[in-house]
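# Observations on chain architecture
Listed below are the residues making up each chain.
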Amino acid sequence: MRKIAIDTRDLKKGKTGTFTYLKALCDEFSADPEVLFISYPFQVYTGPAFSGKMAEHVLFFLWKQIYLPLYCIWHRVDALLCTDYFLPVLPLPTRKFVVFHDAFFFEQPAHYNSLWLKLFHLLAVPAAKRAEAVIVPTEYVKTRLLHFIPGLHSIQVITEGAKPLPVPEGGSRFDKPYILHVGTLDFRKNLPRLVEAFDKLDWGGLLVLAGDSPAYAGSNGREEVEKIILEKDLQDRVILLGRVTDVELANLYAHAYAYVFPSLNEGFGLPLVEAMQQGLPCAAANNTAMPEVGGDAVLYFDPYNITAIRDTLQVLVTDETQRACLKKAGLERVKLFQWPAVADAFLSLLHRPLRVAMMGVKGYPYVYGGYETLIKELVERLEKKQIEVTVYCHRSLFAERPARVNGINLIYVPSVEKKSLSQLTHTFLSTLHACILRRPDVIFYVNAANGPFGLLTRLFRIPTVINVDGMEWLRPKWRGLGAKYFYFAAKQATRWMDHLVTDAREMQKTYQELFQAESSMIAYGAEPFIPVSIELLNPWKLESRSYFLIVGRLIPDNNSDVLIEGYLQAQTDKKLVIVGDDVFNDAYAQSIKEKIKGNPHILFTGYVKDSSILSALYQHCYAYLHGHEFGGTNPTLIKALSEGTGIAALGTRFNKEVLADGEFGLLFEKNPKAVAASLMASEEVFADLRAKAQSRIVDTYNWDYIATQYERIFVNSQHEGNL
């Protein structure tokens, strides 16, 4: 399961802007099963005692630099989000994201504890440079951070939202109209100038300042504000409320006459958005991020000019036309700052495409057989669905080794180039690479021989899906130890792999009967029919309907010898074209080649890698002979149907399933005489089979439908977990 972890330590702090931000974000993510909330076990100390501060710094360091990395590794977290400027410094397989609400640590260093500043420059800045992205609330903050930390490689602007407030209860707590300000009594809030400007205002209302002293003593401006209130004898007109509850805040917004925000520096200015949301006419400083947030819904003033502040407030409380316009504009403006949209933006950034690693094939875009075709058709469709696919390729088969083709990631892994060891050693090394270095969300194997590797993926806690294909242990080429291994491997696949895929109903039944294992049946697919000219076959001087066709590797379980002997017994005037070979050119393949050597009626093409030529061979043959015995849904049989070919096939239960018990092809027993009898069927029989062959290719054998089924399994594996 792809997991996003959020450090919720700031929820244990006082209700400052960072608390409000994190709380709103967590509320939006609360129903998302992919989001983990990392709970801080202690209350954050914000008092003045030196010993308390030191203890808090030590706990903070242990939390960020030790506990969070261990948590991410243990829980296989894909993305870690910290909303408090700090990230773990150590490299992690987890992608790290950090929120910088502002650049105050750089701009106002005197306001912060010296030890905290050292930690910031020693830990936060280097970690931010290596983060996947630094998230900021405004373009203003982005510009400032790039000025102070030019090494940042990625900064993403995701705005903040207006938090929903409780329904206000009762009437106003004051008997006069009032201008409201919400925020800590920080020096940068510029409250002394606001109080002086209010003193000069020709208005009989109140100025209400809601907010507690800031956490950092160096930025605490309460004393100066209280001093000016006392000097101007404003104790009855300027009210310091201190910290208020959400219910009290809702009441304050509901009954305020106007809102003012004179801050000298804001990374965003959440109270301004909250005030607009409540329909209040607003005035704010014309600096930093506030014009970016307020737009044309706010009156602006020079925050250093007391007269300018006074004049703006005068308009704000006396000009009814202007007040009405500001209210309307504010309610429209605040639609840009909604937490559901903010959360969606975060998820879009934090989420990455589902990563699927595929192995057990020769490679991509190398098309060697059924497995390679399956992978090719799947990956090209999954890539269009924004799934990140990596295919592990046999290094020895690729002279050129591009890292990416058609949007597909390719990794080239060596193997022991022996017939019985090549695929297993390649998949083993690929599994180690994927589990240790790549860490995909899902590993997709083809071939039941790879079943034991599920033990490795289980140890590394990576969900796995395997297409087990056929009953390999029955194939003649795997007699003795080989057959025993394939049976053992298939059984291990049912034990260790998280999800089994079979490509035929009959194979699904086989795994249920032999191993009591459930599987999803996903058939093999075929491309839509595209007519191909007979001229492509000119190199072999073939004419349309002048030949029988065999396509497949020269291996015993494809029964090439039986098919060839049946052809010879039929004594037909049509040629026999054999497409295929055997990579290892073993004794069986050699015997086939010796048998047909010198026969002018039998044409051996070897491998045909050009898909258009292969389609031409199918489309223009008289009939296709299919001798595959032990697989499930065989790719060449499906292709023959899709190309509109008349078919004569060995009567296995798998071939009967595809051909609907003989409705879409002749079925013969496993002997040359039966093959010969099928080949001698009338021309009308094969013409009828050709005419209706493509009608068998319905949704079940459609690649788009098949890719969607696999996609569903891959996605669901993230939620089901192992077993």
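A few points on the structure. Just so you know, the residues in each chain are numbered from 1, in the order the chain's sequence is written. Given that the model is predicted, a residue must reach a pLDDT of at least 70 before its local features are reported, and side-chain atom pairs must reach 80 or more before they are shown or counted; all residues, however, enter totals for whole chains, interfaces and linings. Note that the side-chain values use all heavy atoms of the structure and ignore hydrogens as well as water.

### Quick notes on the sheet that holds strand E11 (residues 282–285)
Paired through backbone hydrogen bonds, the strands of a sheet run either parallel or antiparallel to each other. Selection rule: Paired strands, in this sense, are two strands between which DSSP finds at least two bridges. Numbering of helices and strands runs from the N terminus, with a helix taken as a DSSP run of H or I at least four residues long and a strand as a DSSP run of E at least two residues long. What counts as an axis is a line fitted to C-alpha atoms, over the stretch in contact for a helix, and the angles between N-to-C directions run from 0 to 180 degrees.
Overall, parallel pairing links the six strands, which are arranged E9-E8-E7-E10-E11-E12 in an open sheet. Strand pairing shows two members of the sheet lacking a second neighbour, strand E9 (238–242) and strand E12 (298–301), which therefore form its edges. Going from strand to strand, the sheet's axes swing by 25° on average, the running direction of each strand aside. The pairing of strand E10 (residues 258–261) with E11 spans three bridges and is classified as parallel.

### A look at the sheet that holds strand E16 (residues 408–413)
Inclusion rule: Note on definitions: a residue-residue contact is assigned when non-hydrogen atoms from the two residues lie within 4.5 Å.
Here eight strands make up an open sheet; going across it, the order is E15-E16-E14-E13-E17-E18-E19-E20 and the pairing mixed. The open sheet has two edge strands with one neighbour each: strand E15 (404–405) and strand E20 (520–521). Strand direction decides the pairing type here: strand E13 (residues 355–359) and strand E17 (residues 442–446), joined by four bridges, are parallel. Counted as the bridge partner of Met358 is Phe444 from E17. The strands touched by helix H15 (residues 422–438) within the sheet are E13, strand E14 (388–394), E16 and E17, with E14 carrying the most contacts at an inclination of about 140°.

### Topic: the nonpolar core
The nonpolar side chains of a soluble globular protein tend to be buried with one another. Defined as follows: By nonpolar core is meant a set of buried Ala, Val, Leu, Ile, Met, Phe, Trp, Tyr and Cys residues that side-chain atoms within 4.5 Å join together. Residue exposure (1.4 Å probe, protein chains only): buried if accessible area is under 20% of the type maximum, exposed if over 50%, otherwise partly exposed.
With 62 residues, the main nonpolar core has Met358, Val391, Phe444, Leu549, Leu617, Tyr710 and Phe714 as its most contacted residues. Leaving out residues up to four positions away in the same chain, Leu549 has contacts with Val577, Val579, Leu617, Tyr618, Cys621, Ala623, Tyr624 and Leu625. Within the second largest apolar cluster, 60 residues are counted, among which are Ile179, Ala275, Val298 and Val317.

### Thoughts on the pattern of salt bridges
For clarity, the threshold we go by: Think of a salt bridge as a Lys or Arg side-chain nitrogen and an Asp or Glu carboxyl oxygen that are within 4 Å of each other.
Scanning the model with the defined rule gives 29 salt bridges in all. For Glu565, the salt bridge identified is with Lys595, shortest N-O distance 2.9 Å. Taken together, the residues Glu565 in helix H19 (residues 560–570) and Lys595 in helix H20 (residues 587–596) connect sequence positions 30 residues apart. The exposure class assigned to Glu565 is partly exposed, which follows from its relative accessible area of 25%. Of the residues examined, Lys595 reaches a relative accessible area of 41% and is grouped as partly exposed. Close ionic contact of Lys692 with Asp688 constitutes a salt bridge, the shortest N to O distance being 3.7 Å. With Lys692 and Asp688 both in helix H25 (residues 683–692) and four residues apart, this pair spans about one turn of that helix. Judged by relative accessible area, which is 42%, Asp688 ranks as partly exposed. The network of salt bridges with common partners includes Arg9, Asp10, Lys13 and Glu56.

### What about the packing of aromatic side chains?
Where we set the bar: Only the six-membered ring of Trp is used, alongside the rings of Phe and Tyr, when aromatic pairs are assigned; centres must lie within 6.5 Å, and planes under 30 degrees apart are stacked while those over 60 apart are edge-to-face, with the rest tilted. Two conditions define a charge sitting above a ring: the NZ of Lys or the CZ of Arg must be within 6 Å of the ring centre, and it must be within 35 degrees of the ring normal.
Scanning all chains against the criterion turns up 31 aromatic pairs. A ring pair is formed by Phe106 and Phe148, whose centres lie 4.9 Å apart and whose planes are at 5°; its orientation type is stacked. Taken together, the residues Phe106 in helix H3 (residues 104–107) and Phe148 in helix H5 (residues 139–148) connect sequence positions 42 residues apart. Geometrically, the ring pair formed by Tyr511 and Phe515 is tilted, given 5.3 Å between the ring centres and 50° between the ring planes. One end of the pair is Tyr511 and the other is Phe515, both in helix H18 (residues 505–515) and four residues apart, which spans about a single turn. The residues Tyr511 and Phe515 share a single accessibility class, namely buried. Following the ring pairs from residue to residue traces out a cluster consisting of Phe60, Tyr85, Phe86, Phe100, Phe105, Phe106, Phe120 and Phe148. Positioned over the ring face of Tyr40 is Arg9, at 5.3 Å from the centre of the ring. Taking the ring centre of Trp74 as reference, the NZ or CZ of Arg461 above it sits at 5.3 Å.

### Some thoughts on unusual backbone geometry
Residue Pro365 is reached from Tyr364 by a cis peptide bond, and omega for that bond is 0°. Inspection of the secondary structure puts Pro365 in the loop between E13 and helix H14 (370–384). Phi at Gln386 is positive, roughly 65°, even though this residue is not glycine. Structurally, the position occupied by Gln386 is in the loop between H14 and E14. Despite not being glycine, Gln516 has its phi angle at roughly 50°, a positive value. The residue Gln516 is located in the loop between H18 and E20 in this model. For Gln516, a relative accessible area of 57% gives the class exposed.

### Remarks on H25
Definition in use: Each C-beta atom gives one direction from the helix axis, and the arc is the one those directions make.
Along H25, the positions that sit buried rather than exposed are Phe686, Leu689 and Arg690. End-on view of H25: buried residues confined to an arc of 100°, all on one side of the axis. Of the residues in H25, the exposed ones pointing more than 90 degrees away from the buried face are Glu684 and Ala691. Along its buried surface, H25 packs onto strand E24 (623–626), strand E25 (647–650), strand E26 (666–668) and helix H24 (672–679).

### Observations regarding helix H4 (residues 114–130)
This is how it is decided: A helix's residues, less one, multiplied by 1.5 Å, set its expected span. A residue's bend is given by the angle between axes fitted to the 7 residues ending at it and the 7 residues starting at it.
The end-to-end C-alpha distance of H4 is 24 Å, a good match for the 24 Å that 17 residues give at a rise of 1.5 Å each. For H4, the principal kink sits at Phe120 and spans about 35°. All buried positions along H4 are accounted for by Trp116, Leu117, Leu119, Phe120, Leu123, Ala124, Val125, Ala127 and Ala128. Looking at the buried side of H4, the elements it contacts are helix H2 (50–74), H3 and strand E5 (133–136).

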